[in-house]
Amino acid sequence: MKAEVKAHKDHIISTIDDRIYGSFVEHMGRAVYEGIYEPGHPTANEQGFRQDVIDVINELNVPLVRYPGGNFVSGYNWEDGIGPKEDRPKRLDLAWRSVETNQVGLHEFMEWSRQANTEVNMAINLGTRGIDAARNLLEYCNHPGGTYWSDLRKENGDEKPFAIKTWCLGNEMDGPWQTGAKTAEEYGRLAQETGKVMKLVDESIELVLCGSSSSKMPTFGEWEYTVLEHAYDYVDFLSLHLYWENFENDLPNYLAKSVEMDHFIKDVVAICDAVKAKKGSDKKINLSFDEWNVWYHSKDADAKREPWDIAPPLLEDIYNFEDALLVGCGLITLLNNSDRVKIACLAQLVNVIAPIMTVKDGEVWKQPTFYPFMQASNYGRGKVLNLQSESPTYDSKEYKAVPYLESAAVLNDEKNEIVVFAVNRSEKDNMAFNTTLEGFNNIEVIEATELAGYDPKMTTQEQHDAMEIKPNESISVEGSRAEIDLKPLSWNMIRLSFK
Ligand code: AHR
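Quantities reported herein were computed from a predicted structural model and do not represent experimental measurements.

Draft legend 1. Looking closely at the overall build of the protein. Scanning the protein from terminus to terminus reveals 11 helices and 26 strands. By the compact-globule yardstick of 23 Å for 499 residues, the protein fits well, its C-alpha radius of gyration being 23 Å. Judged by the C-alpha coordinates and their principal axes, the protein covers about 65 × 60 × 45 Å. Counting all 499 residues of the protein, 60% fall into the buried class. Residue pairs at least 24 apart in sequence account for 76% of intrachain contacts in the protein once pairs closer than 6 positions are excluded.

Draft legend 2. Representation of the nonpolar core within the structure. Ranked by size, the top nonpolar core spans 163 residues in total, and within it Ile36, Trp112, Trp167 and Phe289 carry the most contacts. For this core, the leading source of residues is helix 10 (residues 321-336), giving 10 residues. When residues are assigned to domains, this core turns out to be shared by domain 1 (2-9 + 385-497) and domain 2 (18-379), each giving three or more. Once residues lying within four places of it in the same chain are set aside, the contact partners of Trp112 are Val25, Ile36, Phe49, Ile54, Ile57, Val65, Thr118 and Leu349.

Draft legend 3. Molecular detail of the sheet that holds strand 9 (residues 206-209). The 8 strands are arranged 3-4-7-8-9-10-11-12 in a closed barrel whose pairing can be described as parallel. Strand-to-strand twist in this sheet, taken as the mean axis angle between neighbours without regard to direction, amounts to 30°. In this sheet, strand 8 (residues 166-169) lies alongside strand 7 (residues 119-123) in parallel orientation, the contact comprising 3 bridges. Each residue of the ladder has a partner; that of Met122, found in strand 8, is Trp167. Sheet strands touched by helix 5 (residues 184-201): strand 8 and strand 9. Its angle to strand 8, the strand with the most contacts, is close to 150°.

Draft legend 4. A look at unusual backbone geometry. Of the consecutive residues Gly69 and Gly70, the connecting peptide bond is found in the cis state with omega at 15°. Along the polypeptide, Gly70 turns up in the loop between strand 4 (64-67) and strand 5 (91-93). Of note, the amide linkage connecting Ala347 to Gln348 takes the cis form, showing an omega dihedral of 0°. With respect to the helices, strands and loops of the structure, Gln348 is situated in the loop between strand 12 (341-346) and strand 13 (356-358). Although it is not a glycine, Ala311 adopts a positive phi angle of roughly 45°. Considering the arrangement of structural elements, one finds Ala311 in the loop between helix 9 (299-303) and helix 10.

Draft legend 5. Quick peek at the site of the ligand. Around the ligand sit 13 residues in total, of which Glu26, Asn71, Glu172, Tyr243 and Glu291 are the nearest. Between Glu291 and the ligand, the recorded distance is 2.6 Å, taken from a side-chain N or O atom to an oxygen atom. Relative to its unbound accessible area of 280 Å², the ligand is 96% covered by the protein chains. Within the shell around the ligand, the residues separate by chemical class into 6 nonpolar, 4 polar and 3 charged.

Draft legend 6. Focus on the pairing of strand 11 (residues 286-294). Where burial is concerned, most of strand 11 is hidden: 9 out of the 9 residues are buried. As paired strands, strand 10 (residues 237-244) and strand 11 are joined by 7 bridges and run parallel to one another. When the bridges of strand 11 are listed, Tyr243 appears paired with Asn293. Bridging between strand 11 and strand 12 involves 4 bridges; their strand directions are parallel. Note that in strand 12 the partner of Trp292 across the bridge is Leu346.

Draft legend 7. Looking closely at the domain arrangement of the protein. Per the domain assignment, the segments making up the protein are domain 1 (2-9 + 385-497) and domain 2 (18-379). Once you take the C-alpha centre of each, domain 1 and domain 2 turn out to be 30 Å apart. Of all residues in domain 1, Tyr399, His464 and Trp491 bury the most surface against domain 2, accounting for 19% of the area lost on that side. For the pair domain 1 and domain 2, the number of links is 2 salt bridges. A salt bridge links Lys397 to Glu248; the nearest nitrogen and oxygen atoms lie 3.1 Å apart. On inspection of domain 1 and its partner domain 2, the count reaches 19 residue pairs in polar contact (both at pLDDT 80 or more). Listed by contribution, the elements that provide at least two residues to the side of domain 1 that touches domain 2 are strand 19 (405-412), strand 20 (417-424), strand 22 (444-452) and strand 26 (490-497).

So, how was this worked out
- Residues numbered from 1 in each chain as written.
- Predicted model: local features only at pLDDT ≥ 70, side-chain atom pairs only at ≥ 80, totals over all residues.
- Heavy atoms only, no water.
- Helix = DSSP H or I, 4+ residues; strand = E, 2+ residues; numbered from the N terminus.
- Rg over C-alpha atoms; globule rule 2.2 N^0.38 Å.
- Buried < 20%, exposed > 50% of the residue type's maximum accessible area, 1.4 Å probe, protein only.
- Contact = heavy atoms within 4.5 Å.
- Core = buried A, V, L, I, M, F, W, Y, C linked by side-chain atoms within 4.5 Å.
- Domains from an automatic or database assignment.
- Pairing = 2+ DSSP bridges.
- Axes fitted to C-alpha atoms, helices over the stretch in contact; angles between N-to-C directions.
- Near = heavy atom within 4 Å.
- Polar contact = N/O pair within 3.5 Å; in protein donor to acceptor, adjacent residues only side chain to side chain.
- Areas by Shrake-Rupley, 256 points an atom, 1.4 Å probe, with all protein chains shown as cover.
- Nonpolar A, V, L, I, M, F, W, Y, C, P; charged D, E, K, R; others polar.
- Buried area = accessible area lost by both parts, 1.4 Å probe.
- Salt bridge = Lys/Arg side-chain N within 4 Å of Asp/Glu carboxyl O.

Given below as C-alpha cells:
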C-alpha cells in the first residue's frame, strides 16, 4: 500500500498552544493518594510526593494539569484542603462514592505542580456551589495580598500568589450523573455570572465553559449554543470530552474512532462561530478538549465495587497496543485542529485511565499509551503544517472511507526541524509512505522511530518494558522528499532537519 503527504513551508495551520499536551489529576481512585502522593514510599520526598512518579511525568513534558476534577469537583469544598492537615475533614465524595481525606489540598497540589514542572488548570465547583466559593478561591490563589483570602494563603505558607491562569467553570454540568447537574439555561446563567465575577477579581485569567459531556448527549449542540449565548463575553474556551471504547472488539472500527473526534471538534467550532455571528462579536471562542482517552477496560470491575473506601482502585484501565495506536491518532487529530483546539487534557495522568501506573510501596510503570503521548509532547512543538494527504481508505462498521494513514507534521523553526507523526491503521499491509516538503532545503534525517510489531492486545502490565520505541531504518531522503516503510499497525515519528 502507498500513501503520500505533501506540505509547504508557508502553509501553516497554526502555532501550537503547548497546553494541547495537558493532562488531568482528579481526586479519585488512586490518582492522588498512592499515585502522585504516598508518604512512606521509598522515593517519597519531604512533602510525601513520589519522586519516581514525578520523574516519569517529566518524561511526558506535560505543561498543564487539570485539577481537582472531574466529577469530584462538583461536590468539593476547596477550603477543606487548606490549613493544618490534622484539622482537615474527611468527607464523602459522592461522585466516586469514596472517602476523601483532604490530606492533599490546594497548597500541596501547587507544590507538586512546581516539582512536576507543570501548570494547573483549576476547576471550580458549580455543582453544589457557585459564585461566592469561586471568587474566594480565586482571591486566595491569585490576589497578591492585603485581603482576607489572600492573607490566609500567606498564613498557610505561600507568600507569592499561585498565579493560576486557566480555570474551568465546573465539570460536565449537562450530565445527569453530575452532583448538581443543570439545564443549559441554568448553567449558562450561572457560568455567565461566575465568569463575570472571576474576571473582576483577576482579569488575566482564562475561563473554560462546559460544553456537552460527549457528542452523544441528547442535548449536544443545543447545550453548546445556549450556554455560549449566555456566557460568551466572559469565557475564552468551550470544553469537549470524549472517551473511546472497544467493547465490540472490532479493531478496524476502533482505530477509526479518532475520525469522530475530528467531526466533534468541527461541529463545536461551527456552533461557537454561529453564536459569534449571531452576537456580531469580534471575539473567537477556542476549544479545550479537556478530557479525552480510551476508557472501558475497567468498567466491569468498577461496577462491582463497594462504596466508601479511601483511594480505591478505580478506572484502572490496563491499556494495550491498539489503545496506544488510537491515542496516537487522537494526538494527530488534535494537532491538525490546533487552530481551534488550544487546550487538551489526556484524562488522566496516574493510575486512573492513565499512561502511568504505580504499585503501592513499589514501582512505577508505563502503559502503551505513554509512548505516543511522550513523543508528540516532546517533539510536536511549533507550527502545524497543512498536509495534503493521499491514502487508501476502508469502510468500517461505523465509519466510511477511513484513511489507513493518519498523519500530522510539525515545523519547529527554532530547531530547523520538521517532525512527522503517522499511524498506519492497516492490520496487514506495510505502507510505503512518501513525504514531500516543499520550500525546505537540504533535508536530512535526524531519526525515524516506530512503535510496531506488537499484538493489538499486548499490554505492559506483566512485563513493564515489553514495549519500546525502536528505530525504523527504512527511511531515505532525496531533495525535499522522504520515503519510509510504515509497518502494519504502527505509530511512527520521523524527525527531519532542513537548512
Ligand atoms: O475522567 C473520569 C471522569 O470522566 C471525570 O471525572 C468526568 O468528568 C468524566 O465523566
